[in-house]
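Take a look at the letters that make up each chain.
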Amino acid sequence: MTATLVKNARPPLSGQAERARQSRRRSRIIALLFVFPALLLLGALVVYPVLFSIGRSFFDASGSRFVGGDNYTEMFSDPATLKAIRNTVIWVLVAPTLLTGLGLILAVLVEKVRWATAFKLLLFLPMAVSFLAAGIIFRLAYDEDPHKGVLNAAAVTVHNAFKGTAEYPTARARTGQDLTAGEDGSYRTAVNLGPGDTVTLPLVGVAPKDLPGGARPAYPAAHRRAAAGDLRGVVYLDFTPGGGGSPGVVDRKESGLPRMKVEAVRADGKAVASTTSAADGSFRFTGLAAGSYGVELPASNFAQPYQGVSWLGPALVTPAIIGAYLWIWTGFAMVLIGAGLAALPRDALEAARMDGANEWQIFRRITVPLLAPVLTVVFVTLVINVMKVFDLVYIIAPGQVQEDAAVLATRMWLVSFGGGNNQGLGSAIGVLLLVLVIPAMAFNVRRFRRSQR
Amino acid sequence: MNAIRRGLSSAVVQVFLVVVGLVWLTPLAGLLLSSLRSSQDSASSGWWKAFASPGQLSFDNYSALLKNSGMTQAFWNTVLISVPATTLVVVVAALAGYAFAWLDFPGREPVFLLVVALLVVPVQIGLLPVAKLFGQLGLFGTIPGVVLFHVAYGLPFAVFLLRNYFAEIPKEMLEAARMDGGSEWRIFTRLVLPVGRPAIASLAIFQFLWVWNDMLVALLFADPSSQPLTVELQSQIRQFGSNIDVLAPGAFLSLVVPVVVFFAFQRHFVQGVMAGSVK
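Quick caveat: nothing in here was measured; it's all calculated off a predicted structure.

Visitor: Mind showing me how you'd approach the overall build of chain B here?
Guide: Helix and strand counts for chain B come out as 15 helices and zero strands. For a compact globule of 279 residues, the expected C-alpha radius of gyration is about 19 Å, and chain B comes in at 24 Å, more than 25% above that figure. In terms of overall dimensions, chain B has C-alpha extents of about 75 × 70 × 30 Å along its principal axes. Residue burial in chain B is summarised as follows: out of 279 residues, 55% are buried. A separation of at least 24 residues holds for 73% of the contacts in chain B among residues at least 6 apart in sequence. Working note: accessible area of chain B is about 12,000 Å², and carbon and sulfur atoms make up 67% of it. Here chain B carries 16 positive and 13 negative side-chain charges, and the mean point of each set is 8 Å from the other.

Visitor: Explain the domain arrangement of chain A to me, please; I cannot follow it from the model alone.
Guide: How big an interface is tends to be expressed through the accessible area that disappears when the partners come together. Domain annotation for chain A reports domain 1 (80-153 + 311-452) and domain 2 (172-301). The centre of domain 1 of chain A, based on its C-alpha atoms, is set 57 Å off from the matching centre of domain 2 of chain A.

Visitor: Looking at this model, I keep getting lost on helix H11 (residues 359-387) of chain A. Mind explaining?
Guide: The terminal C-alpha atoms of H11 of chain A lie 35 Å apart, and with 29 residues this falls more than 12% below the ideal 42 Å at 1.5 Å per residue. By the largest-angle criterion, Ala372 of chain A marks the main kink of H11 of chain A, which is about 60 degrees, and a proline, Pro373 of chain A, follows within four residues.

Visitor: How should I be thinking about the nonpolar core in this particular structure?
Guide: General note: in soluble globular proteins, nonpolar side chains tend to be found buried as a group. Trp91 of chain A together with Tyr98 and Phe221 of chain B are the most contacted members of the largest nonpolar core, which has 179 residues in total. No other element matches helix H9 (residues 317-342) of chain A, which puts 17 residues into this core. With near-sequence residues (within four places) excluded, Tyr98 of chain B lies in contact with Phe34 of chain A together with Leu103, Phe166, Leu174, Arg178, Glu184, Ile187, Phe188 and Val192 of chain B.

Visitor: Can you walk me through the interface of chain B and chain A in this structure?
Guide: At the junction of the two partners, chain B supplies 94 residues and chain A supplies 85 residues. Together, the buried faces of chain B and chain A total about 8,000 Å²; carbon and sulfur atoms form 82% of this surface. The interface formed by chain B and chain A includes seven residue pairs in polar contact (both at pLDDT 80 or more). In terms of residue count, the dominant contributor to the side of chain B that touches chain A is helix H1 (residues 2-35) of chain B (14 residues).

Visitor: Before we go on, may I ask you to explain the domain arrangement of chain B in this structure?
Guide: Residues and elements named next belong to chain B. According to the domain assignment, chain B consists of domain 1 (2-58) and domain 2 (62-278). Here domain 1 and domain 2 have C-alpha centroids that lie 34 Å from each other. Contacts between the two partners involve nine residues from domain 1, matched on the other side by eight residues from domain 2. Summed over both sides, the interface between domain 1 and domain 2 buries roughly 700 Å², with carbon and sulfur atoms accounting for 78% of that surface. In terms of surface lost to domain 2, no three residues of domain 1 exceed Leu31, Ser35 and Ser39, which account for 54% of the buried area on that side. Sorting elements by how many residues they give to the side of domain 1 that touches domain 2 places H1 first, with five residues.

Visitor: In this structure, what is going on with the pattern of salt bridges? I would like to understand it.
Guide: Pairs may arise between side chains of opposite charge once their charged atoms sit close together. Taken as a whole, this structure holds twelve salt bridges over all chains when the rule is applied. A salt bridge links Lys261 of chain A to Glu263 of chain A; the shortest N-O distance between them is 3.6 Å. Close ionic contact of Arg178 of chain B with Glu184 of chain B constitutes a salt bridge, the shortest N to O distance being 3.1 Å. Here Glu184 of chain B falls in the buried class, since its relative accessible area comes to 13%. Bridged by salt links that share partners, the residues Lys112, Glu350, Arg353 and Glu359 of chain A form one connected network.

Visitor: What is the right way to look at the pairing of strand S7 (residues 271-276) of chain A in this model?
Guide: Successive side chains on a regular strand alternate, one facing one side of the sheet and the next facing the other. Residues and elements named next belong to chain A. Bridge analysis of strand S6 (residues 261-265) against S7 gives five bridges, and the strand direction is antiparallel. By the bridge assignment for S7, Val265 is matched with Ala271. Counting the residues that bridge the hairpin from S6 to S7 gives five residues, and of these Gly269 lies at a positive phi of roughly 90 degrees.

Visitor: Please clarify how the packing of helix H10 (residues 184-195) of chain B against helix H11 (residues 197-213) of chain B should be interpreted in this entry.
Guide: In a pair of packed helices, the angle between the axes and the distance between the axes together describe the arrangement. Residues and elements named next belong to chain B. It is at 5 Å that the axes of H10 and H11 come closest, and there the two elements cross at 65 degrees. Judged on the interaxial angle alone, H11 and H10 are roughly perpendicular. The residues of H11 that touch H10, namely those facing Leu193, Pro194 and Val195, are Arg197, Pro198 and Ile200. Split into classes, the residues belonging to the contact of H10 with H11 amount to five nonpolar, no polar and one charged.

Visitor: Explain a positive patch on the surface to me, please; I cannot follow it from the model alone.
Guide: Residue and element names in this part refer to chain A. Among the surface-exposed residues, Arg21, Arg24, Arg25 and Arg28 lie close enough to one another that they form a single positively charged patch. Of note, Arg24 is situated in helix H2 (residues 15-56). Residue classification places Arg24 among the exposed positions, given a relative accessible area of 51%.

Cut-off values and rules
Residues numbered from 1 in each chain as written. Chains lettered and ligands numbered in written order. Predicted model: local features only at pLDDT ≥ 70, side-chain atom pairs only at ≥ 80, totals over all residues. Heavy atoms only, no water. Helix = DSSP H or I, 4+ residues; strand = E, 2+ residues; numbered from the N terminus. Rg over C-alpha atoms; globule rule 2.2 N^0.38 Å. Buried < 20%, exposed > 50% of the residue type's maximum accessible area, 1.4 Å probe, protein only. Contact = heavy atoms within 4.5 Å. Areas by Shrake-Rupley, 256 points an atom, 1.4 Å probe, with all protein chains shown as cover. Lys, Arg positive; Asp, Glu negative; His and termini not counted. Charge placed at Lys NZ, Arg CZ, Asp CG, Glu CD. Domains from an automatic or database assignment. Expected span 1.5 Å × (residues − 1). Bend = angle between axes of the 7 residues up to and from the residue. Core = buried A, V, L, I, M, F, W, Y, C linked by side-chain atoms within 4.5 Å. Buried area = accessible area lost by both parts, 1.4 Å probe. Polar contact = N/O pair within 3.5 Å; in protein donor to acceptor, adjacent residues only side chain to side chain. Salt bridge = Lys/Arg side-chain N within 4 Å of Asp/Glu carboxyl O. Pairing = 2+ DSSP bridges. Axes fitted to C-alpha atoms, helices over the stretch in contact; angles between N-to-C directions. Parallel < 35°, antiparallel > 145°, perpendicular 65-115°, else oblique. Nonpolar A, V, L, I, M, F, W, Y, C, P; charged D, E, K, R; others polar. Patch = residues over 30% accessible without salt bridge, like charges linked within 9 Å, V, L, I, M, F, W, Y side chains within 5 Å.

So this is what it looks like as structure tokens:
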């Protein structure tokens, strides 16, 4: 009824205008039908939750009491959450910088080889791998045991190549005999020996199976007389396999300890001569000036083997996880920067080359400044992604260092769902994450509006 | 002289890039070899020992995995989540993208700006409210719930990408189709979708990968019967070290599909990831 009345109240339209109006309304309804599913989902599952979280962040853990800004004050005073904020800052400062730098270097270099495409594919491949799988991969790689973790295996190999390995980490002097332990882990006799003396140095604590190959019994050497002017001795394992030996005596079956570093020291502690024991454990200092000496087995013989780095310990866990993140994202930075590189004006580069600029000058003075817009986009993109990093930290950091490795996203998860069950504080952390991406939001909107003009 | 120097520096570059390439390959090789070794071997030595004794390698872990009903169920759940979540995003976003590009309705400009603003909203902020909402709707802990969440958070980028691509379609093409009396639906299915295929392919690959690799969303929204492979595997991470014979092949299985997609659709894949990086 009403509709009819309204219609009649209007001035009569020509049939054509009426049809145009009707078809416009029809097309509007069709348009709304096209956008409706998207708007419904975005409204119910994105826009409404954002508003809900903002509101929820002003209520207490159970959601029954309004607490104003308390959750926000708590966020900046609770040590665990502060730690997460600090780690997120480290992530945001370090990861995008390293990635952009690495991506730039690789993008420039890869253009110089013929297999550039294959290289790009390989580096981009980790983008297809889930953070979970990458997490498992790097948890394996970072294993602290150098027999299992590839990184520590490499670290130990390099370390031992330069520093050498100690032959007898478990050996110690037989107590109650002549050797006394120094503070640094060395062993030394009293300073009462001189040229012409023979000394026996009993050690224990080496399992027979750990004896170096080629070790021979020490008995013959122990009973050889020193030549005049020589200070001789034998260092041996004071343990008879099968039992029956007596402590402090070189028994027939007891083995010498080869490759032991031995020093002759003066009373003031200064080493005057140094040698290494033979297969039967014997050693000999020749040409010593008359006087009294002591014999020392330096601590380097007994050093604990180098065990590598504690990658996933509290101190290094965040850098270690950032390392895994680099593995995933470097290809992305490289390919995006490479695309920017391909679009650079060739003549600018050629002109510089003609003027005799070297590659470094061209890179520094021309390539980088011209690439600045691309580098900015890559950097901003990485910052947004780094801010939300969750899975990698959650998977790689072992349980006991989760708190040391925490970032905002893992802290928010822990507080809201992982036992903390404080959804007020959890919502506040979520809102903080949202606030942190608002500059990027403004950047996107502005860039879009500009592109539409 | 210059030529020699150039040749030398090029050799240095080649060596450097080969080393970088090996560093990038090593973690994947480590996972593959670990997945083929018994738990005893993994407990006593590193995967590189397999080069010395190839006899250690066998597919036993994989056949054990395929007999593990929790794992196979989780694998199917991953498929059942990823495929609909990808399809739905493409359909819903294509409809909306066409409307934002070519149809007239009130509020078109401001609403689209809102979509652009939503591009960077972190999923974290949606977890708690949507969990409550799904609890009321009976969707919490179900596959449709996980799918809907992924669709909603994939939409801003999807609509943005497709609207911009569709907007490039020449106006004359659409006018001509309208003159011929085609309905909007007909124009959409017969003209816009085929023309927009490259963008749709990039979007589909990006979204598929995103959902397939997701752990966070499913960790909250899926229950044990609907959880995907990522969640099933992370539930075993606590015993890390003693169960490498399960984790390594599981992780490898989970990355086979994305890697195949990667090699099959390299170009679209790279474009999709590039375009979607703003998320």
